[in-house]
Amino acid sequence: MTYEEILAEPGSTVLMLGNAAIARACLEYGIGLASGYPGTPSSEIIEALAYASRKLGYPYVEWSINEKVAFENAYGAAISGVPSIVAMKHVGLNVAADPLFSSAYTGVESSLLIVSADDPAMWSSQNEQDNRWYGLHAYIPVFEPTGAQDARSVTLEALKFSSDYKHPVILRSVTRVSHTRTNITVGQLAKPKLYGEFKRDTSRWVLVPSNARRLREELIAKWDKITKDLSDNPLNTSEGPRDSRILVIGVGVGYRYSREALQRLKLLDTVRLLKITTSIPPPKSLIVRELEGKNIAIIVEEGDPVFEDQVKIIAYDERLDTKIYGKKTGYIPITGELKLEDITKALADILGLNYRVKSSVRVNIEIPPRPPVLCPGCPYRSVFYAIRRVIKKLKVNVVYAGDIGCYSLVVNPPFNAQDTLVEMGGSIGLANGLSHTLRDSIVIATIGDSTFYHAGIPGTINAVYNRAPMTILVLDNGVTAMTGHQPHPGTGLDALGREARRIKIEDIAKASGVDSVLIAKSFNIRDVESKAELAIREALNGKVSMLIARGSCILTAIAKSRRYKVKRPVYSIDLDKCRACTICYNAFACPAIIPRGDGKASIDPRICTGCSACVDVCPFEAIQSIEVVDETWRGILDEVGLDSE
Amino acid sequence: MSNLNILVVGVGGQGILTLSRIIGESALRRGLKVLIAETHGLSQRGGSVIVHVRIGDDIEAPLIPLGECDLMLSLELVETLRYLNYMGNNGVIVSDTLILRPPIPRVKIPSYEEIITTLKNTGLEVHLLDASLEADRLGDIRVANMIILGYAISSTLLGKYIDIDSVVESLAHIPGKELNIKALSMGFKFGVKH
Ligand SMILES: Cc1ncc(C[n+]2csc(CCOP(=O)(O)OP(=O)(O)O)c2C)c(N)n1
Ligand code: SF4
């Protein structure tokens with residue numbers, strides 16, 4: 001994806017993704033440093049800033065090894081007085097939680113904006129956590145854009161607030177803010193502040209208990225002041241008659257749904273509507289002011305009933321008897337994303353109006369599911385095909401401790417090779433405990449390359465040191481594929497596309513004392529089979545072994561073949577040789593191989609990528625390329641990483 | 001002009017995002033306000049993709065409510081079926097006749113005839129065209145999206161919001177723009193004949 005629009009002329013209106021609007025605001029504010037670790041729905045923020053940095057020469061932008069380091073990177077810069085941002089998906093903040101809490105104690109010298117992109121409905125995530133709790137928990141204010149529409153302006157205000165109060169601020173986005181594209185009018189770019197200075201002050205930057213105790217007192221006082229000041233923040237606005245008996249509070253993206261729902265119910269002129277953008281800490285005096293004289297208050301927010309709880313606490317403290325509705329009263333679903341039809345219905349029901357959700361077209365036909373699958377030509381298909389064969393041959397019970405990435409997709413048939421999947425790095429971590437407690441199975445921890453750097457290294461060292469026999473299968477495709485092919489320390493390029501020194505997984509493994517480290521070519525089924533057998537035998541003998549299956553993500557390989565004008569082969573089925581054994585489409589399951597009516601296979605040349613892995617799958621040698629396969633193409637497949645353009 | 005709710009659906013990799021973005025760019029050129037709720041991430045790997053495109057001055061929320069979609073542009077028939085519950089009673093569908101088998105072992109998919117009968121029985125205005133087939137003939141199956149778009153502009157209410165000229169302008173920065181424009185005008189002509 002390119003991000004030309006992020007450098008649009010000041011004053012122009014362009015179509016921009018919410019994430020790009022956040023990035024643009026960072027440039028308009030003049031940040032000096034941005035870091036992050038990829039994760040849907042946050043990744044485009046750093047990508048857009050990297051694009052801008054390539055063109056402008058600033059700010060400093062990096063993809064860090066994980067969210068904790070990304071956070072500390074931005075935190076360090078903000079301590080030195082350089083306005084900085086760090087961007088991650090919601091679960092990333094769990095990884096960065098340790099420095100998050102400390103940052104509120106020490107404060108910062110310039111802006112420190114923490115962008116947390118939450119994923120309600122879990123479109124691409126393992127949980128639905130609402131990171132506004134972190135704001136309450138860590139004493140860090142949370143600003144929530146109400147949509148892509150104001151993502152830019154709210155980001156600017158959040159950066160300014162952070163610098164004014166010398167305090168970190170969380171910008172909480174959600175999928176429908178980050179990944180909605182809309183008309184955005186942009187402002188002037190600011191001159192960035194790229195360099196700072198370190199003001200030595202151990203009483204502030206060194207959190208030994210004596211300092212931390214004092215800083216905690218100060219933090220509580222600061223939090224009170226922030227709470228007071230936010231009540232007058234112009235980002236929170238109200239409309240509709242002040243003397244209405246009914247108040248609707250739309251928090252963040254909840255505001256958009258409430259406003260449109262009120263419009264549909266023709267209530268905009270009779271109901272008071274409060275828009276909350278600075279949700280944590282709840283702007284108390286504003287809420288008290290708005291609650292007074294109201295019989296009913298309805299809170300619409302996406303995620304947990306965080307704000308609803310806060311309003312209830314305030315109402316209790318102030319002895320207000322307004323009836324408060326929200327997610328805890330059953331009208332608005334607590335799980336998933338907000339939906340306009342649900343909010344319209346909830347408001348109508350609470351207010352006793354007649355509203356029927358539009359009947360929708362229903363059909364009586366079974367619609368097959370279409371889950372995401374490994375791409376045609378994905379290196380993981382041949383790897384897992386081979387591993388399954390080895391397991392069958394060795395007749396061992398195996399538990400596949402899985403992890404997060406494209407390879408998670410082998411949870412589905414025909415591979416069924418992910419028995420657990422809990423969080424990044426959880427494969428090797430859980431494999432430690434499984435290995436100590438299972439007596440009749442071996443454990444294979446499967447982990448992607450980016451995930452290995454992110455959170456796999458401590459688990460590996462732990463397994464070696466504490467003797468937890470296992471085979472660690474590292475799926476090295478050279479990039480962070482799942483989230484859009486961002487670079488990691490094995491890629492060979494940095495976020496700006498400059499060459500970087502590769503840190504090799506095998507070197508890390510050897511330095512960690514892994515008993516045997518094997519490397520196989522992912523597209524070569526025979527190679528994977530023979531090395532996997534060795535590695536698994538090691539684990540059976542009580543060792544920690546690692547098999548690195550190395551082969552390019554097919555999408556980056558195709559891009560390289562286009563760039564270097566290398567011809568990719570196209571495969572087809574020799575129907576005289578095909579015996580309709582079904583292996584290629586049922587057990588190997590490449591999307592390019594399609595069953596014909598008679599059970600024989602056919603290959604769709606528009607889908608076939610030329611990865612050549614299936615040739616070894618067919619027992620009857622029916623799969624063949626019309627032309628001789630170019631050796632350069634084989635080289636591209638076997639080599640991982642990205643080249644600078 | 002009243003609000004317009006469009007769904008763009010299909011399979012990851014078919015150019016659904018590009019299609020919806022081009023509609024958005026063209027609407028912007030016409031001075032209209034757009035909200036496009038995109039699908040990124042996991043479902044892009046050959047999964048089902050749905051993008052909500054809303055055009056109009058007083059729209060606020062990014063997602064189209066069930067039963068309120070005015071126009072569905074679909075690049076694949078099974079996906080057309082999957083999202084029928086978004087269609088309003090006066091909704092219009094423009095769909096490719098292409099069927100892509102989900103690549104899961106032993107999956108059962110409805111036949112072309114079954115799908116067509118089901119669509120006819122909804123009573124909705126349904127336009128079917130061999131966009132992928134024609135795109136393949138033009139040299140790149142990926143421009144099926146532009147054939148669908150051209151068709152929808154000449155034969156549905158979308159033509160009131162965006163016109164071919166604004167689409168052509170929006171395509172200016174796209175790699176392979178000549179082929180895209182060719183596909184667009186081909187679709188437009190199919191629609192006029194219709
Ligand atoms: C803490 C955390 N950060 C980020 C993500 C988002 N995420 C999901 S998978 C993945 C990395 C996948 O890369 P890799 O391990 O190389 O596997 P690949 O997708 O290339 O197969 C990321 C960053 C996450 N789920 N959790
Ligand atoms: S993007 Fe790359 S790693 Fe992911 S499924 Fe496709 S080929 Fe495999």
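Preceding this section is the structure that the text describes.
Chemist: Help me get a handle on the site of ligand 2, residues and values and all.
Modeler: Inspection of the region around ligand 2 gives Leu-374, Cys-375, Cys-378, Tyr-380, Cys-406, Asn-477, Ala-481, His-485, Cys-553, Ile-554 and Leu-555 of chain A together with Arg-45 of chain B as its neighbouring residues. At the site occupied by ligand 2, the surrounding residues belong to chains A and B. In the shell around ligand 2, the residues fall into 9 nonpolar, 2 polar and 1 charged.

Chemist: Hey, could you go over the environment of Leu-247 of chain A for me, with residue numbers and the actual values?
Modeler: Residue and element names in this part refer to chain A. Following the sequence through the fold, Leu-247 ends up in strand 10 (residues 246-251). For Leu-247, a relative accessible area of 0% gives the class buried. Along the primary structure Leu-247 and Ala-297 are separated by 50 residues, whereas in three dimensions their C-alpha atoms are 4.6 Å apart. Non-local contacts of Leu-247, meaning those with residues more than four positions away in its chain, are made with Arg-272, Leu-274, Glu-290, Leu-291, Lys-294, Ile-296, Ala-297 and Ile-298.

Chemist: Can you explain the interface of chain A and chain B? Please cite residues and give values.
Modeler: On the chain B side, the residues contacting the 55 residues of chain A number 58 residues. Here chain A and chain B share an interface that buries about 5200 Å² over both sides, 58% of which is from carbon and sulfur atoms. Considering only the surface of chain A that becomes buried against chain B, Arg-181, Val-361 and Arg-370 of chain A emerge as the three largest contributors, covering 16% of it. In this structure, the salt-bridge partner of Glu-79 of chain B is Arg-370 of chain A, at a minimum N-O distance of 2.5 Å. Applying the counting rule to chain A against chain B returns 23 residue pairs in polar contact (both at pLDDT 80 or more). Taken together, the elements giving at least two residues each to the side of chain A that touches chain B come down to strand 1 (13-17), strand 8 (180-185), helix 11 (253-264), helix 14 (340-350) and helix 20 (554-563) of chain A. Ranked by the residues each element gives to the side of chain A that touches chain B, the list is headed by helix 11 of chain A, at 6 residues.

Chemist: How would you explain the state of the cysteines if you had to name every residue and give the values?
Modeler: Taken as a whole, this structure holds 0 disulfides over all chains when the rule is applied. Distance from the sulfur of Cys-578 of chain A, which forms no disulfide, to the nearest cysteine sulfur (Cys-584 of chain A) is 6.5 Å.

Calculation rules
- Numbers given for residues are sequential positions, taken from 1 along each chain in its written order.
- Lettering of chains starts at A and numbering of ligands starts at 1, both following the order in which they are written.
- Local features in this predicted model are restricted to residues whose pLDDT is 70 or higher, and side-chain atom pairs enter the listing and the counts only when it is 80 or higher, whereas totals over whole chains, interfaces and linings include all residues.
- Each side-chain value is derived from all of the structure's non-hydrogen atoms; neither hydrogens nor water enter the calculation.
- Near residues are defined by distance, with any heavy atom within 4 Å of the molecule or strand qualifying the residue.
- Here the nonpolar group is Ala, Val, Leu, Ile, Met, Phe, Trp, Tyr, Cys and Pro; Asp, Glu, Lys and Arg are the charged ones; every other residue, Gly included, is treated as polar.
- Only DSSP runs of H or I with at least four residues qualify as helices, and only runs of E with at least two residues qualify as strands; both kinds are numbered from the N terminus onward.
- Three exposure classes are used, based on accessible area relative to the maximum for each residue type with a 1.4 Å probe and protein chains only: buried under 20%, partly exposed in between, and exposed over 50%.
- The contact definition used throughout considers only heavy atoms, calling two residues in contact when any of these lie within 4.5 Å.
- Buried area: the accessible surface (1.4 Å probe) lost by two parts on joining, summed over both.
- Criterion for a salt bridge: a side-chain nitrogen of Lys or Arg within 4 Å of a carboxyl oxygen of Asp or Glu.
- Identification of polar contacts relies on pairs of N or O atoms within 3.5 Å, with a donor-acceptor requirement for protein atoms, meaning one able to donate a hydrogen and the other able to accept it, and with residues adjacent in sequence counted only if both atoms are side-chain atoms.
- Put simply, a disulfide is two cysteine sulfurs that come within 2.5 Å.

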